[in-house]
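# Close look at the chain arrangement
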Amino acid sequence: MGRAPEFTLYGDDSCVMDAEFLHLELLGSRSRRFGWEIADHCHRGLFQLLCLLDGEVKARIDDREYRLSGPAAICLPPGTVHGYSFVEEAQGFVLTAAERLLTRGPDQAGALLRPLLRTPRLLDLRRDWPARERIESLFGQLLAELCWPQRGQDLMVGWLLKAILLMLARLIDEPDGAGAAQAAERELLARFHALLEERYREHWDIPRYADALCVAASKLNRACLKLSRKTAFAVTQERLMLEARRMLAYSAWPISRVAYDLGFNDPAYFCRRFKRQIGLSPSEFRARI
């Protein structure tokens, strides 16, 4: 296997490609079945939110480890490799939703939610108890709404889902993007990240990405510098090396095969690039993992 195991829902073999997919469950309903240990895995095309209301968790996200105590939230963009070790009887909710369900449409809510979809987020809810209580209430309402069909159910589910995510988005220490220019830059950056997910193995240069996005390369670079504090090229290299780290950690493939799978024609060049960016050679990184 070249990558971490992929699931729609952890432990289930079914594969759901529905753009409207949404699933919500109590944290213990699945974790208890697996002895409160969730092995490393990922969800392609699916955003996942873990809301830990009570208890503790050791979270493994890509090649890093975090310890959290509830109340806290973990937001995972599609494709993020993650695993959990819970203290028994931890309580909370796990929400899994198709990425397109959250980002479709040009409305203001979609723009506000995109920070949750760009990079993994760990949010401490202890600093804002009123927000924590509102989020828990919204989760309870959403779970009740999903239990049986009712008139206007799709609308109600959509409103409750966005309300939960907007409450979390408020906790992120980022500019609110109220200006039209900044909103446009955030929209551009979101489209760039989406295209990058499709093409990073092809090693496109920045002008090619800019052409596909119908903007000047300088405009794309300015948006990346302003919002990510990285050049557009650095963003592409970071994504490529993230996948390299995942493959080295979760597969037994030879380093040369990892290099070829990531679009490198010369494994030695891949090793030099990896060491320059990560600080370790691929073999040293794998040994440390």
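Criteria and cut-off values
- Residues numbered from 1 in each chain as written.
- Predicted model: local features only at pLDDT ≥ 70, side-chain atom pairs only at ≥ 80, totals over all residues.
- Heavy atoms only, no water.
- Pairing = 2+ DSSP bridges.
- Helix = DSSP H or I, 4+ residues; strand = E, 2+ residues; numbered from the N terminus.
- Axes fitted to C-alpha atoms, helices over the stretch in contact; angles between N-to-C directions.
- Buried < 20%, exposed > 50% of the residue type's maximum accessible area, 1.4 Å probe, protein only.
- Arc of directions from axis to C-beta.
- Polar contact = N/O pair within 3.5 Å; in protein donor to acceptor, adjacent residues only side chain to side chain.
- 1 Å grid on protein atoms, 1.4 Å probe; cavity = no way out; pocket = protein on both sides within 12 Å on 5 of 7 lines; lining within 4 Å.
- Points joined across faces, edges and corners; volume = space filled by probe spheres on them.
- Nonpolar A, V, L, I, M, F, W, Y, C, P; charged D, E, K, R; others polar.
- Phe/Tyr/Trp six-rings, centres within 6.5 Å; stacked < 30°, edge-to-face > 60°.
- Lys NZ or Arg CZ within 6 Å of the ring centre and 35° of its normal.

The subject of this paragraph is the sheet that holds strand β7 (residues 82-86). Strand order in the open sheet made by the 4 strands is β2-β7-β4-β5, with antiparallel pairing throughout. What marks the edges here is a single partner per strand, and that holds for β2 (37-41) and β5 (64-69). On average, each strand axis in the sheet is tilted by 15° relative to the strand beside it, whichever way the strands run.

On to helix α7 (residues 206-213). Taken together, the buried positions of α7 are I206, Y209, A210 and L213. Burial along α7 is one-sided: seen end-on, the buried residues are contained in an arc of 100°. Here α7 starts with a cap whose side-chain oxygen sits 2.9 Å from the backbone nitrogen of R208, and that cap is D205. One or two positions beyond α7, positive phi appears at C214, with a value near 60°.

Another aspect to go through is empty space enclosed by the protein. It is the rolling of a water-molecule-sized probe over the atoms that shows where space remains empty. Taken as a whole and judged by the stated rule, the model has 3 cavities of 30 Å³ or more. Considered as a void within the structure, the largest cavity measures approximately 160 Å³ in volume. Around the largest cavity sit 15 residues that line it, and Y10, E25, R30, Q48 and V94 are the ones nearest its centre. Elements supplying a minimum of two residues to the lining of the largest cavity: α1 (27-31), β2, β3 (46-54), β7 and β8 (91-98). Across the lining of the largest cavity, the residue classes tally to 8 nonpolar, 5 polar and 2 charged.

Turning next to the packing of aromatic side chains. Using the criterion set out here, one finds 9 aromatic pairs in the structure. Consider the rings of F264 and Y269, whose centres lie 6.1 Å apart with planes at 55°: the pair is tilted. Taken together through their ring pairs, the aromatic side chains of F264, Y269, F270, F274 and F285 make up a single cluster. In this structure, R257 packs its charged tip against the face of W253, placed 3.8 Å from the ring centre.

Along β3, 8 of the 9 residues are buried, which leaves the element largely enclosed by surrounding structure. For β3 and β8, the ladder comprises 8 bridges, and the chain directions are antiparallel. Following the sheet pairing, L52 is matched in β8 by G92. Pairing geometry for β3 and strand β6 (residues 72-76), over 5 bridges, is antiparallel. Residue pairing for β6: C51 is matched across the bridge by A73.

With that settled, consider the sheet that holds β3. The strand order β1-β8-β3-β6-β9 describes an open sheet built from 5 strands, whose pairing is antiparallel. At either end of the open sheet lies a strand with only one pairing partner, and these are β1 (22-26) and β9 (121-124). Averaged over all neighbouring strand pairs, the angle between strand axes comes to 10°, with direction disregarded. Taken together, the 5 bridges between β1 and β8 define a ladder with antiparallel strand orientation.

Attention shifts here to unusual backbone geometry. In this model, G70 is joined to P71 through a cis peptide bond whose omega is 5°. Among the structural elements, P71 can be located in the loop between β5 and β6. In this model, H203 sits at a positive phi of 55°, which is unusual for a non-glycine residue. On the secondary structure map, H203 appears in the loop between α6 (180-199) and α7. What makes H203 partly exposed here is its relative accessible area of 31%. One non-glycine residue, C214, lies in the positive phi region at around 60°. Residue classification places C214 among the exposed residues on the basis of a relative accessible area of 71%.

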